[in-house]
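Secondary and tertiary structure notes
The lines below spell out each chain.
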Amino acid sequence: MANNVQNIIEIKYDGQEYIKSFLEKIGSIHTEDEALDTLYDDSENTRSWWEDNIGAKWAYIEDFEYDDTSATLTIVSAWSQVTPFVEYFDKQTNNETSIKFTYIDEMPNFIGYMNYENGEVIHEYEEMDMWSVIEKEAKVRAKKEKKNFQDEDEERDWMWDWMWEFVHDTISENANV
């Protein structure tokens, strides 16, 4: 079974009708539970096409909302982030959007953030070995809290209590650099 990756794509735009129309297509895909490849004119239902054009062997829209100047799209994908899809979205909107793209592996093996402005990546952060970062943080916290664990399970439970907040804080801190 594949690791799920949560991809959160936040879009800001100036109310252009063609962008709103494209967002409505995405909304229709979400409502009708269709595949993301239906947005593309030249899609193929092959793993290699999906990996090259969407970024993962499969992906689906988990949540979507939009209004006249913004949209938030949550996509769940297998094993990897959907960077090629975000780039496709940016091109389809003539690079006239601001896009904040965050992705988090469910383990979390890796995390990342990209900020696009008018077709350019203006800031990005990626940590491909998030477990090493978490383990280093665990050592710091354990020492500070004077923890003495009975076994590995107790230590792992303790880590899970604070880990996800730490993961999201790590992304936020690096996104605001």
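Source: prediction; values computed, not measured. The residue numbering used here restarts from 1 in each chain and proceeds along that chain's sequence as written. Selection of residues for local features in this predicted model requires a pLDDT of at least 70, selection of side-chain atom pairs for listing and counting requires 80 or more, and totals for whole chains, interfaces and linings are taken over all residues. No hydrogens and no water enter the side-chain calculation; it runs on all heavy atoms of the structure.

Moving on to the nonpolar core. Nonpolar side chains in soluble globular proteins generally cluster together in the buried interior. As used in this record, nonpolar core signifies buried Ala, Val, Leu, Ile, Met, Phe, Trp, Tyr and Cys residues forming a set joined through side-chain atoms within 4.5 Å. In this scheme, a residue with accessible area under 20% of its type's maximum is buried, one over 50% is exposed, and one in between is partly exposed, where area comes from a 1.4 Å probe on protein chains only. Of all hydrophobic cores here, the largest spans 32 residues; its most connected members are I9, I26, I54, I75, V82 and F85. For this core, the secondary structure elements donating two or more residues are β1 (4-12), α1 (17-32), α2 (47-53), β2 (59-66), β3 (70-78), α3 (83-92), β4 (98-105) and β5 (111-117). When checking whether two residues touch, look at their non-hydrogen atoms; a contact exists if any pair is within 4.5 Å. In this structure I26 touches L39, I61, F64, L73 and F89, once residues within four positions along its chain are discounted. Within the second largest apolar cluster, 17 residues are counted, among which are Y125, W158, W162 and I171. Secondary structure elements follow DSSP: runs of H or I of four or more residues count as helices, runs of E of two or more count as strands, with numbering from the N terminus.

Quick look at unusual backbone geometry now. Of note, the amide linkage connecting M107 to P108 takes the cis form, showing an omega dihedral of -10 degrees. At W79, a residue that is not glycine, the phi angle is positive and equals roughly 70 degrees. Mapped onto the fold, W79 is located in the loop between β3 and α3. Among the residues examined, W79 registers a relative accessible area of 44% and is labelled partly exposed. We note that N118 has phi near 50 degrees; this positive angle belongs to a residue other than glycine.

We now examine the packing of aromatic side chains. For Phe, Tyr and Trp, where Trp contributes only its six-membered ring, two rings pair if their centres lie within 6.5 Å, and the inter-plane angle classes them as stacked under 30 degrees, edge-to-face over 60, or tilted in between. This structure, assessed with the given rule, holds 13 aromatic pairs. Plain terms: the ring middles of F22 and F89 are 5.4 Å apart, the flat faces sit at 50 degrees to each other, and that makes the pair tilted. One end of the pair, F22, is in helix α1; the other, F89, is in helix α3, and 67 residues separate them in sequence. A relative accessible area of 7% means that F22 is categorised as buried. Look at W158 and W162: their rings are 5.5 Å apart centre to centre, the planes differ by 70 degrees, and that puts the pair in the edge-to-face class. Of this pair, W158 and W162 both sit in helix α5 (residues 152-175), four residues apart, roughly one helical turn. Side by side, W158 and W162 carry an identical accessibility label, which is buried. Among the aromatic residues, those joined into a cluster by ring pairs are F22, Y40, W49, W50, Y88 and F89. Lysine and arginine charges are scored as sitting over a ring when NZ or CZ, respectively, is within 6 Å of the ring centre and within 35 degrees of the ring normal. Over the ring of W162 we find R141; its NZ or CZ atom is 4.1 Å from the centre of that ring.

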